[in-house]
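Fold and contact review
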Amino acid sequence: MLSNFKNSRPIQFGLLILIFLVSYFVVPQSENSYLWRLPPLLKDLPLWINTLLDNLMFKWFTVDVWDPVWKEYEQKPIFRIITRAIGSSVLYLIIFIREIFLGGAQTLGSFLSDTWMNANKWVSWPALPWTAVVAGASILGYQLQGIRLALLAGIGFAYLSIFGQWEPSMQTLSFVLVSAPVCFILGLGFGIWGYLNKTVEGVLQPVLNCMQTLPHFSYLVPIMVLFGVGDHAGAIATIIFATPPMIRLTILGLRKISPDIVDSGLMSGCSKTQLLFKVLIPTARRDILIGVNQVIMQCLAMTTIAAFIGAKGLGFNLKVALNSLEIGKASEIGLCVVLIAVILDKYSLAWANKQKDYFANLNFYQKNRSYIVFILLTVLGVILAYLGTRYFKDTINYLYYIPFNKGFTLSPFIDAGIDWIWETFFVYLNAFNIWLITSVLVPMKDAYLGMPVISTFIIVMGAGYIVGGVRSAVVVGSLILFIALSEYWDRALITAYMATFAVLISAVLGIVVGSICAQNRFASKTILSICDFFQTFPSFIYLIPVILLFGITDTSVMIAAIVYAVIPATRYTVEGLNSVPLSLHDSATMSGVSRLQRWTNIELPLAFPHIMLGINQTVIFALFMVILGALIGTIDLGQIIMGALSKKGGAGIGLTLGIFVSFMCLAVDNLIRTWADERKRLLGID
C-alpha cells in the first residue's frame, strides 16, 4: 500500500487536494490567526527601496561640481551625475535618429552656439521625404527576402504616411532604432561573458529569470526616479526589459556549437579572441540574430508602455485615444504599431535566415547595387518633394511630408462599425458579460479571497514536493512566503484568480486547437504562421477590440489575456506533437489503433513535456496581460503598480509588487520545468 502511494502521482495529488480542502474549510477567517493571514513583516520594503533610491540620488557619494550659472561649486551625488549623463546620451541619440527622418535643428544646435543659431533660423536638418523612406524600406525587404517582403515593407510604410501617422511612426521607429542596438551590444557582451565563465552564467540566470517575469509597468517608476521623464527614460526602461532574451539566445547559440568546430579553430592556430570572433560568433549567427528579432519585438511591446513616462510616438497617441475612448482612432493607431512590428519582425527573421555567400566574385555595382538604387530613389524623392512645393503652394506638400491627422482616416468607418455591433449584438454581449462576471468570475474571486494562507502553502509546497522533492518545495514556498509577508496578499490572490482563469481557458484552447492542426502538415504551417503574426502584436493592442465589445469590465481583461496567452499554448502543442517520430506513428497505425487512441496514448504522452513548457509561457503571458488590465479598471496588483506612476514614493511600491508578480511566475516556472525535465529524462528526450 505504502509503495503504491510513493509510486503513484495521482494518489499523491489526490491526498494533497484532500488535505487542502480540509484546511480550507476548517481554518477560521480571523485576522488574529497566522493560519489565516501572516503578519505583514515586509510592509516596509517599499519604504526601504525608496530610501535607497533617495540616498543614491541626493545624499551618498557626493563630489564638488562647478556650476557655470551661479559661478560656484555645488555638491552632487556621483550616481545622479551618472544616471543623468546616460539619460542625456540616450536622448541625444534618439533626437539624432528622429531628425534624420523628420528634420530639425536640435542636433546641429549641439555643435553651434545658441547666438549663431538664433541669428540663422534657416539652419535646420531637412527631413527625408516619406517617398524616400518607403523606397528604402522596399529595397531592404527585397535585399533580405525578395519581392514579397519588399511589397509588404513598401505598402506598410506608405500606409503610415498616407493615413497621417508618419510623424508618430518615425518617432516610434527612432525609439526602436536606438533601443535595439544597445540591447544587442549589451546582450551579446553579457552572453559571451556568461558562455566563457560558468560562474557568471550562474549569477545571470536568476537575474534574467526575474527580469523577464517582471511586469512592464514595474520598470517605469524606478526608471522615472533615476533618469527623469521623457523619451530617454522610456528607452532605458525598454533596454532593461528587452536585453534578457538577447543574453539567453547568445549563450544558447554558443553552447550549441559542436566541439569539433572549436577544435578545428584551435588547430588552425586561432587565439582566444580570433576563435571567438572568427569562429564561434559566426557559427552561432542564426541564434544570435533570432535574439535580435526577440529584442525588436520586446522594444515594440514597450513603446506603448513607455508612453506613460513621456516617450513620444504611436504609443503616446494610442494611450490618449484609449483614455478618451476613441476606439476608431485607437484602432487605426494600433494598426500602425502592428504594421511596424510585422515589418521589423520579417526583416530580422529574414536577416537571421539569410545565408552569406563567401565565395561570390562580384564587381563594385553588384556588391553595392542596393545602396546605389536607394541613393537614386532618394534623389528622385527629393526632386518630387521639390516639385511638390510648386504644386502645393500655400498648403501642405504631400509629396514631402503628411502631418499628423492630415491624411486619410478609417476611424469614422471603424466607429460606425462599432456602433452597428453595439446596436446589433449588445443584448447578447451584455448577457454574456453579466453571466461571466456574476456566475464565474465573482464566485471564483471570492473562493480565492476566502483561502487561508496555510492552504496556499499546502497546495503549492505539496505540489513542489511531489514534483521535485524537498528542494522544489522549499523554493516555491520561499517565493510565496515573500508575498504572504506583505500587506498586499489579498491583491495577490485577486491577481492569481484572474491569471488562473485565463491560463485554464488558454491551455484548453491551445491544446485542442494545436492537436487538431498538428494532424495535418498544411494546417500546422498555417496555425504557426497565425501564431507568428499575433505574437508580433504589442500586448497593449489586445485591449482595443475587447473594450469595444465588453467595455471597461473584468470580462475585457480576461478575454484579452486568453487571446494573448493562447498563442504559446497553441505553438508548443503543435511543435511538440510534430516532434513525435514518424516511426511511432507508423507502428501505431500497423497495430490497428485509431487516430484518437494514437493521440491519447502515444502522441500526447511524448509531447506533453514540450506542451507543458508552452503552458509555462502561457502563465507568464496571462499574468502580464492581467497586470496590463489595470488600464481598464481591475483591482489587482496591477492597479497599485499603475497608481504608483503618479504617487510620491511610488518607485518602492511599483518595484516591490513587480517582484511579487515575478515570484508568482517563477514559482509556477519551477514546478513546470522540474516536472517537464523529469518527464523528458524518463522518456529519453533530449
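Heads up: these notes are all about the structure in this document. From a predicted model like this one, the values you see are computed outputs, not experimental measurements. (Residues numbered from 1 in each chain as written. Predicted model: local features only at pLDDT ≥ 70, side-chain atom pairs only at ≥ 80, totals over all residues. Heavy atoms only, no water.)

**Some remarks on the overall build of the protein**
Scanning the protein for helices and strands turns up 29 helices and 2 strands. Taken over C-alpha atoms, the radius of gyration comes to 28 Å for the protein, in line with the 26 Å a tight globule of 686 residues would show. Taken across its 686 residues, the protein has 50% of its residues classed as buried. Taking as baseline every contact in the protein between residues at least 6 positions apart, the subset at least 24 positions apart corresponds to 77%. Within the protein, the 36 negative side-chain charges are centred at a point lying 6 Å from the centre of the 45 positive side-chain charges. (Helix = DSSP H or I, 4+ residues; strand = E, 2+ residues; numbered from the N terminus. Rg over C-alpha atoms; globule rule 2.2 N^0.38 Å. Buried < 20%, exposed > 50% of the residue type's maximum accessible area, 1.4 Å probe, protein only. Contact = heavy atoms within 4.5 Å. Lys, Arg positive; Asp, Glu negative; His and termini not counted. Charge placed at Lys NZ, Arg CZ, Asp CG, Glu CD.)

**Quick notes on the state of the cysteines**
In this structure the tally under the stated criterion is 0 disulfides. Left without a disulfide partner, C336 is nearest to the cysteine sulfur of C299, which lies 19 Å away. Given a relative accessible area of 0%, C336 falls into the buried group. Considering cysteine sulfurs only, C517 is the nearest to C531, which forms no disulfide, with 8.5 Å between them. (Disulfide = S-S within 2.5 Å.)

**Looking at a negative patch on the surface**
Among the surface-exposed residues, E326, D415, D419 and E423 lie close enough to one another that they form a single negatively charged patch. For E423, a relative accessible area of 68% gives the class exposed. (Patch = residues over 30% accessible without salt bridge, like charges linked within 9 Å, V, L, I, M, F, W, Y side chains within 5 Å. Areas by Shrake-Rupley, 256 points an atom, 1.4 Å probe, with all protein chains shown as cover. Salt bridge = Lys/Arg side-chain N within 4 Å of Asp/Glu carboxyl O.)

**Some points on the nonpolar core**
By size, the foremost hydrophobic cluster in this structure holds 182 residues, and its most contacted members are F157, F217 and L220. Not counting the four nearest positions on each side in its chain, F157 is found in contact with V133, V134, A137, W166, M170, L173 and I343. (Core = buried A, V, L, I, M, F, W, Y, C linked by side-chain atoms within 4.5 Å.)

**Quick notes on helix α20 (residues 411-449)**
Under the 1.5 Å per step criterion, the end-to-end length of α20 is only 42 Å for 39 residues, more than 12% shorter than the ideal 57 Å. Within α20, the axis deviates most sharply at F425, by approximately 75°. Within the span of α20, buried status applies to S411, I418, L429, N433, L436, L441, M444, K445 and Y448. Of the surrounding elements, those touching the buried residues of α20 are α17 (327-353), α22 (489-517), α24 (543-550) and α25 (554-578). (Expected span 1.5 Å × (residues − 1). Bend = angle between axes of the 7 residues up to and from the residue.)

**Description of the packing of aromatic side chains**
Aromatic ring pairs are reported here in terms of the distance separating the ring centres and the angle at which the planes meet. Counting across every chain of the model gives 12 aromatic pairs. Plain terms: the ring middles of F482 and F663 are 5.2 Å apart, the flat faces sit at 65° to each other, and that makes the pair edge-to-face. On the criterion of sequence distance, the pair formed by F482 in helix α21 (residues 453-484) and F663 in helix α29 (residues 650-683) is long-range, its members being 181 residues apart. Ring centres of Y542 and Y564 lie 5.2 Å apart, and the angle between their planes is 55°; this geometry places the pair in the tilted category. Residue Y542 is located in the loop between α23 (521-535) and α24, and its partner Y564 is located in helix α25; the two are separated by 22 residues in the primary sequence. (Phe/Tyr/Trp six-rings, centres within 6.5 Å; stacked < 30°, edge-to-face > 60°.)

**Let's talk about the pattern of salt bridges**
Evaluated as defined, the whole model comprises 7 salt bridges. The closest approach of N and O atoms between D231 and R98, which form a salt bridge, is 3.0 Å. Remark: R98 occurs in helix α4 (residues 78-102) and D231 occurs in helix α12 (residues 231-255); sequence separation between them is 133 residues. Accessibility classification places D231 together with R98 in one group, the buried group.

**Some remarks on the packing of α17 against α20**
One way to put it is that α17 packs onto α20 with a least axis distance of 7 Å and a crossing angle of 125°. With respect to their mutual orientation, α17 and α20 come out oblique. In terms of crossing hand, the pair formed by α17 and α20 is right-handed. Every residue of α20 that contacts α17 at I327, G328, K329, S331 and E332 is listed here: S411, I414, D415 and I418. (Axes fitted to C-alpha atoms, helices over the stretch in contact; angles between N-to-C directions. Parallel < 35°, antiparallel > 145°, perpendicular 65-115°, else oblique. Left-handed = near helix turned anticlockwise from the far one by under 90°.)

**Things to note about the side chain of S486**
With respect to the helices, strands and loops of the structure, S486 is situated in the loop between α21 and α22. For S486, the side chain forms a polar contact with the main-chain oxygen of I483, separated by 2.7 Å. Engagement of the side chain of S486 in a polar contact is seen with the backbone nitrogen of Y488, the distance being 3.2 Å. S486 has contacts with P40 and F660, leaving out every residue within four places of it along the chain. (Polar contact = N/O pair within 3.5 Å; in protein donor to acceptor, adjacent residues only side chain to side chain.)

**Quick notes on a nonpolar patch on the surface**
A surface patch of nonpolar side chains, about 680 Å² in accessible area, is lined by L52, W60, F61, V63, I78, I81, I82 and I86. Assignment of secondary structure puts I86 in helix α4.

**Examining the packing of α20 against α24**
Where α20 meets α24, the axes come as close as 8 Å, and the angle between the chain directions of the two elements is 80°. The orientation of α20 with respect to α24, classified from their angle, is roughly perpendicular. Along its contact with α20, which presents I418, I421, W422, L429, F432 and N433, the element α24 presents L548, L549 and F550. Grouping the amino acids of the contact of α20 with α24 by side-chain chemistry returns 8 nonpolar, 1 polar and no charged. (Nonpolar A, V, L, I, M, F, W, Y, C, P; charged D, E, K, R; others polar.)

**Structural notes on the environment of S455**
Positionally, S455 belongs in helix α21. Of the residues examined, S455 reaches a relative accessible area of 0% and is grouped as buried. Sequence separation between S455 and S472 is 17 residues, and the spatial gap between their C-alpha atoms is 18 Å. Among all residues touching S455, those that are not within four sequence positions of it are F20, S23 and Y24. A polar contact is formed between the side chain of S455 and the side chain of S23, at a distance of 2.9 Å. Among the polar contacts made by the side chain of S455, one reaches the main-chain amide nitrogen of Y24 at a distance of 3.4 Å.

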